[in-house]
Amino acid sequence: MPGIDLDGRSALITGGGQGLGAAVATALHAAGAAIAVTYWPDPEGVNRSRAEALAAGLGERALAVPGDVRSPEAMAAAMQAVTARFGGLDILVNNAGIVRDRSFKKMSPLEWQQVIDTNLTGVFTACKAAEPVMREGGRIVNVSSISAALGFFGQANYAAAKAGVQGLTRVLARELARRRITVNTVAPGLVLTEMGLTIPEAERERMLANVPLGRFGEPEDIAGAILFLCSGLAGYVTGQTLHVNGGWHPT
């Protein structure tokens, strides 16, 4: 049985400068992959600083590149940067995402569209840019959420986008199978990243009561599942949604 060895492979993680994305980048790099992390170029330069600090900490086989997932041009440029530096692309992890939580009654069309554009259309855009340069036998892993199944209050936009990611995954798994590219989704439960901590503490405590393992997820828990799906161990796994949530059944 082979272990996880990504030596000679290159990976791009969208929104990879912090939180879950940083944990994924670190895990894939530790397994031998060359890593590129994209960041949204915010006016203050915070995202760039975080991504560049992560890449510098990982070392020579790591790169930080600008990459707004809402922009086909930006994502094409990010793919070009990766292939120029590492010679090709083997792994794409679609991690970039935002929240704009509000009850359906109060949610504005702009709040709806912002989340759909980033969390769903952004996955399509990144996959569209990656497919022409991805080598045969590549891996695409999309990050969804338990919210897609449970539909948390105030997340009409987020839950719809993440459910759409799961549907897109199943289609791409069929269409890219001829090149032996696998496409899967990981659906985390509540993970205490910067985004997860935006949920009020009282609500987090209510959520915790539903988790049999009795704790919230850490970024490394999700990164481990993504590492598996990127590895040779998962060569016959495609079109699937892997729930990583401590036993919180999304039914």
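Now for a look at the structure at hand. These numbers were taken from a predicted model, which means no experiment stands behind them.

Digging into the environment of Leu-12
Piece 1. Checked against the element boundaries, Leu-12 lands in strand E1 (residues 10-13).
Piece 2. Note: C-alpha distance between Leu-12 and Arg-85 (73 residues apart in sequence) is 12 Å.
Piece 3. Setting aside anything within four residues of it in sequence, one finds Leu-12 in contact with Ala-36, Thr-38, Ala-78, Met-79, Val-82, Leu-89, Ile-91, Leu-92 and Val-93.

Quick look at unusual backbone geometry
Note: most residues except glycine have negative phi, and most peptide bonds are trans.
Piece 1. One non-glycine residue, Arg-180, lies in positive phi territory at about 60 degrees.
Piece 2. Tracing the backbone through its elements, the reader meets Arg-180 in the loop between helix H6 (156-175) and strand E6 (182-188).

Here we look at the nonpolar core
Piece 1. In this structure, Ile-13, Val-24, Leu-28, Ile-35, Val-37, Val-93 and Ile-226 are the most contacted members of the largest nonpolar core, which totals 35 residues.
Piece 2. At the level of secondary structure, the elements contributing two or more residues to this core comprise E1, helix H1 (19-30), strand E2 (34-39), helix H2 (46-58), strand E3 (62-66), strand E4 (89-94), strand E5 (134-143) and helix H8 (219-230).
Piece 3. When near neighbours in sequence (up to four residues on either side) are disregarded, Leu-28 contacts Leu-6, Ala-11, Ile-13, Ala-33, Ile-35, Ile-91, Val-93, Leu-227 and Cys-230.

Focus on the packing of aromatic side chains
Piece 1. According to the stated counting rule, one finds one aromatic pair in the structure shown.
Piece 2. The interplanar angle of 45 degrees and the centroid separation of 5.7 Å between the aromatic rings of Phe-152 and Trp-248 together place this pair among those described as tilted. Taken as a pair, Phe-152 in the loop between helix H5 (147-150) and H6 and Trp-248 in the segment after strand E7 (241-244) lie far apart in primary sequence, 96 residues in all.

Things to note about the pairing of E6
Piece 1. Across the seven residues of E6, seven count as buried, placing the element largely inside the fold.
Piece 2. Residues of E6 alternate between two faces, with Thr-182, Asn-184, Val-186 and Pro-188 on one and Val-183, Thr-185 and Ala-187 on the opposite face, all of them buried.
Piece 3. Bridging between E6 and E7 involves four bridges; their strand directions are parallel. Looking at E7, one finds that Ala-187 is bridged to His-243.

With respect to the pattern of salt bridges
Piece 1. Within this structure, the stated rule accounts for eight salt bridges.
Piece 2. Two residues, Arg-70 and Asp-68, come together in a salt bridge whose shortest N-O distance is 2.8 Å.
Piece 3. Taking relative accessible area as the criterion, Asp-68 reaches 17% and is therefore assigned buried.

Some points on the side chain of Ser-10
Piece 1. Inspection of the secondary structure assignment puts Ser-10 in strand E1.
Piece 2. A residue is classified by how much of its surface remains accessible, and Ser-10, at 1% relative accessible area, is buried.
Piece 3. A polar contact is formed between the side chain of Ser-10 and the backbone oxygen of Gly-88, at a distance of 2.5 Å.
Piece 4. When residues no more than four places from it in sequence are discounted, the contact partners of Ser-10 are Ala-34, Val-82, Phe-86, Gly-88, Leu-89, Asp-90, Ile-91 and Arg-135.

Comments concerning H6
Piece 1. In this model H6 runs 29 Å from its N-terminal to its C-terminal C-alpha over 20 residues, within 8% of the 28 Å that 1.5 Å per residue would give.
Piece 2. Among all positions of H6, only Asn-157, Tyr-158, Ala-159, Ala-161, Lys-162, Val-165, Gln-166, Leu-168, Thr-169, Leu-172 and Ala-173 are buried.
Piece 3. On its buried side, H6 packs onto helix H4 (109-130), E5, H5, E6 and E7.

How each quantity is defined
- Residues numbered from 1 in each chain as written.
- Predicted model: local features only at pLDDT ≥ 70, side-chain atom pairs only at ≥ 80, totals over all residues.
- Heavy atoms only, no water.
- Helix = DSSP H or I, 4+ residues; strand = E, 2+ residues; numbered from the N terminus.
- Contact = heavy atoms within 4.5 Å.
- Core = buried A, V, L, I, M, F, W, Y, C linked by side-chain atoms within 4.5 Å.
- Buried < 20%, exposed > 50% of the residue type's maximum accessible area, 1.4 Å probe, protein only.
- Phe/Tyr/Trp six-rings, centres within 6.5 Å; stacked < 30°, edge-to-face > 60°.
- Pairing = 2+ DSSP bridges.
- Salt bridge = Lys/Arg side-chain N within 4 Å of Asp/Glu carboxyl O.
- Polar contact = N/O pair within 3.5 Å; in protein donor to acceptor, adjacent residues only side chain to side chain.
- Expected span 1.5 Å × (residues − 1).

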